[in-house]
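Letter by letter, the chains look like this.
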Amino acid sequence: MRLEGLSLLLGTVMVLFFGVTVAFLWLSRYSSEVGAARQYEALRQPAKTSKKQVLHQGMQRLYLLCSRLPLLRTYLSYMRRRLTILHFGDEWKLRLETMRMTLFAWGVLLSASIPILLWVRDPISLFMLLIGCWVVHGMVADVAVQRLEVRLLRQLRQFFGDVRHHYHRHGMVEEALYEAADSAAYEMALHGQELVEVLSDSHTEERLEQYLETAPNRYLKGLAGLSHLIKEYGDKQTKGGSLYLKALGKLTNELSLELLRRERLGFLLQGLSVIALLPLLFTQPLELWASRYFSAMEVFYASTFGWVAKLGLLLVVWLSYILLRHIQELETAPKVTSGVAWEKRLYCWGWVRKLVHLLGPSPGSNEAVRMIRLLKESGSPLRLEWFYLRRIVAGLMAFLTAAGIFTALYIADRHQLLYAPARSGILFGQLTPEEQVRAQVAVALDRQIIQQLKGVRERSMESVLSLLGGEAKEGKTSEQLYADARRVLGKLEQLDQHYVKWWQALLVMLAGWAGYCLPVGIRLFQRQMRKMEMKHEVDQLHTVIAMLADMERMSVEDLLIWLEQFARLFKEPLQACLLHFDQGAEQALAQLKEDVPFLPFARTVEKLELAVQSLPLDEVFDDLESEYAFSQEQRKQEYEQLIEHKAGWGRWIGFAPMMTLIFGYLVLPLIWASLNQMSVYYEQLQRIQ
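Residues numbered from 1 in each chain as written. Predicted model: local features only at pLDDT ≥ 70, side-chain atom pairs only at ≥ 80, totals over all residues. Heavy atoms only, no water.

## Considering the pattern of salt bridges
Selection criterion: By definition, a salt bridge exists where a carboxyl oxygen of Asp or Glu is found within 4 Å of a side-chain nitrogen of Lys or Arg. Working definition: helices are DSSP H or I runs of at least four residues, strands are E runs of at least two. Numbering for both runs from the N terminus. Note on classification: 1.4 Å probe, protein chains only; a residue is buried when its accessible area is under 20% of the maximum for its type, exposed when over 50%, partly exposed between these limits.
Within this structure, the stated rule accounts for 19 salt bridges. Between Glu 149 and Arg 262 there is a salt bridge; the shortest N-O distance is 3.7 Å. Taken together, the residues Glu 149 in helix α6 (residues 123-170) and Arg 262 in helix α11 (residues 243-269) connect sequence positions 113 residues apart. This pair shows no difference in class: Glu 149 is buried, exactly as Arg 262 is. Where Glu 194 meets Arg 207, a salt bridge forms, and the shortest distance between an N and an O atom there is 3.0 Å.

## Comments concerning the packing of aromatic side chains
Applied cut-off: Side-chain rings of Phe, Tyr and Trp, where Trp is taken by its six-membered ring, are said to pair if the distance between their centres is within 6.5 Å; with planes under 30 degrees apart they count as stacked, over 60 as edge-to-face, and otherwise as tilted. A positively charged side chain is recorded as over a ring if its NZ (Lys) or CZ (Arg) lies within 6 Å of the ring centre. The angle to the ring normal must also be within 35 degrees.
Overall, the coordinates contain 8 aromatic pairs when judged by the stated rule. Aromatic pair Tyr 167 and Tyr 244: ring centres 4.9 Å apart, planes at 55 degrees, arrangement tilted. A residue pair is termed long-range when its members are at least 10 positions apart, and Tyr 167 in helix α6 and Tyr 244 in helix α11 qualify at 77 residues. Comparing Tyr 167 with Tyr 244 shows no difference in burial state: the two are buried. One residue, Arg 353, lies across the ring of Tyr 347, its end atom 5.5 Å from the ring centre. Over the aromatic face of Tyr 516 sits the side chain of Arg 391, whose NZ or CZ is 4.0 Å from the ring centroid.

## Structural notes on the environment of Val 163
To keep it simple, the criterion reads: Any pair of residues with heavy atoms lying within 4.5 Å of one another is described as a contacting pair.
Mapped onto the secondary structure, Val 163 falls in helix α6. Val 163 sits in the buried class, given a relative accessible area of 0%. Each C-alpha atom of the pair Val 163 and Val 173 lies 8.2 Å from the other, and the pair is 10 residues apart in sequence. Once residues lying within four places of it in the same chain are set aside, the contact partners of Val 163 are Ala 176, Leu 177, Ala 180, Tyr 244 and Leu 248.

## Section: the packing of helix α17 (residues 366-377) against helix α22 (residues 502-548)
Test applied: Where helices are involved, their axes are fitted lines through C-alpha atoms of the stretch in contact, as for all axes, and angles between N-to-C directions lie from 0 to 180°. Should an angle fall under 35 degrees it is called roughly parallel, over 145 degrees roughly antiparallel, and 65 to 115 degrees roughly perpendicular, with every other angle called oblique. Take the far helix as your reference; a near helix turned counterclockwise from it by less than a right angle gives a left-handed crossing, and one turned clockwise gives a right-handed crossing. Polar here means any residue outside two lists: the nonpolar Ala, Val, Leu, Ile, Met, Phe, Trp, Tyr, Cys and Pro, and the charged Asp, Glu, Lys and Arg; Gly therefore counts as polar.
At their nearest, the axes of α17 and α22 sit 9 Å apart, and the two run at 50 degrees to each other. Relative to α22, α17 is oriented oblique. The handedness of the crossing between α17 and α22 is left-handed. Facing Met 371, Leu 374, Lys 376 and Glu 377 of α17, the residues of α22 in contact are Val 520, Arg 523, Leu 524, Arg 527 and Arg 530. Residues belonging to the contact of α17 with α22 are distributed by class as follows: 4 nonpolar, no polar and 5 charged.

Here's what the structure looks like:
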């Protein structure tokens, strides 16, 4: 019966896997930009009523219905925020895409959860699988949003080419943007029309600031700001031609590099999150298979060590998934968030604030300075107090979880000792039906004797033998009675040892300390990943400087504003520099060097200091244009190394749960059970001799 259930579960897993694969392929095909605007315009025609139009109208009504329910309204608002920047200014399309993504994600979640709820009965396995299904649901939504982002970047690259072509014809920025937007794909056409409206507005500065706050990527921000500068101050002819076209070419080159990098790294990292979660699906089938063909493994999986191995596997899967998400987040656009962090809400409580001040470092101490620098270098938006509140909550949850696990393991071990059938010393195969009946009778007899001896302090072989002789219904030899008595005394001895030991209390405390240190470890990992990106971002900032250095009326402060808009890793230090720039330019730039002690970035800041003191920008950064070709070749090599390095990290982390499943949950327990069984055989041979 177990084999049939195992086959059914494996078949269901394979069907779900192929179903998700087909769904991803369909989503990829649907997300292509071919004919998107034409299909959309066809749906908007009131004279034609097709099945697709009726379906989309139904989804619009479903969106209105779901937005009235509290929980669904929160979920829809979360999905909507992630799509707002991609479907700029079109409420109908935004609602349609939000509802489509929601239905698709929940369809995947329900199709995976219902079979699991029907066939899995083990609470721990059920919990693990349901958590895995929810994570897969989130991954489906992330993949859909990332595909839309990449599609917009591809459309933007084509849009840059069209703007360049039309600018050659007209020599006017507004006309070039208007004609390029007229022939662009749907999403890019919306942004192009918005750019034209921004440049044509009577309050251009205000409209430009509003657009820069909502633009989906920095390349659109760069195009908007560059077009505004050319419109206000005019184009300039340099040795290489039009300044606007040269800047547009550099921006296009950066966009192409970004696309190539995303596509290649996405190809190398794709599927690793799914591979990291696969052990959640195969834990129960592997356990059933091992218990069927290796009898000692069933005892191991039901024991305390078996539960520890399963929980350890769950911990490895969770950590691997978290680390993979942190690797992939650097390759995607920052997520739009809203609301107040839960740390801030808790910190408003008086007793929580006192606890944080008691356990956290004092202001100005070395520990506080070190943690503040870590938060800055890892790109965390948390304040120091909120970060320590997160550490305290993580440590408390780890402590309570470890204490609950030890309590549950104590109960499970006691239940296993009292109710598990006694084994006859076999390693391979299963007990016959007759042996199973005898084992059940033996364990029931042991339990009865243990209940009678529960309050007795002096337990001897004679007292156990007398009870066994009175309770036994069938004739047994003296050797069998002695074997039963030794088994009962062994169980009584194990039950007497069921109390909280010093090493268990130490492990619970260590688990709480590990939970307290876990947020710091994740931030250290994020800082290491960001360090790989720093040189790449400095090169991008050099490209921005090369675009703007030759422009007239370009000051150091204006250049810093551009760098802040384009930066990701150095955004917060640049924002702090801009805040203090009016009070003293040299002091603000000196503080910027201290905030970012990265040598290539510090060299750039030193050149900005020279520009503040005496030299113009085009002379300070004259080497950027002359070394542009060499730097591009160097960046290509660095890109290759960076991609291989990050892909290597991803492979190690992604396959760690699978290796833990094979070796930590099957191979090593099997070796351990085999060694224990060999010791039993050796003892039996010693008795025979």
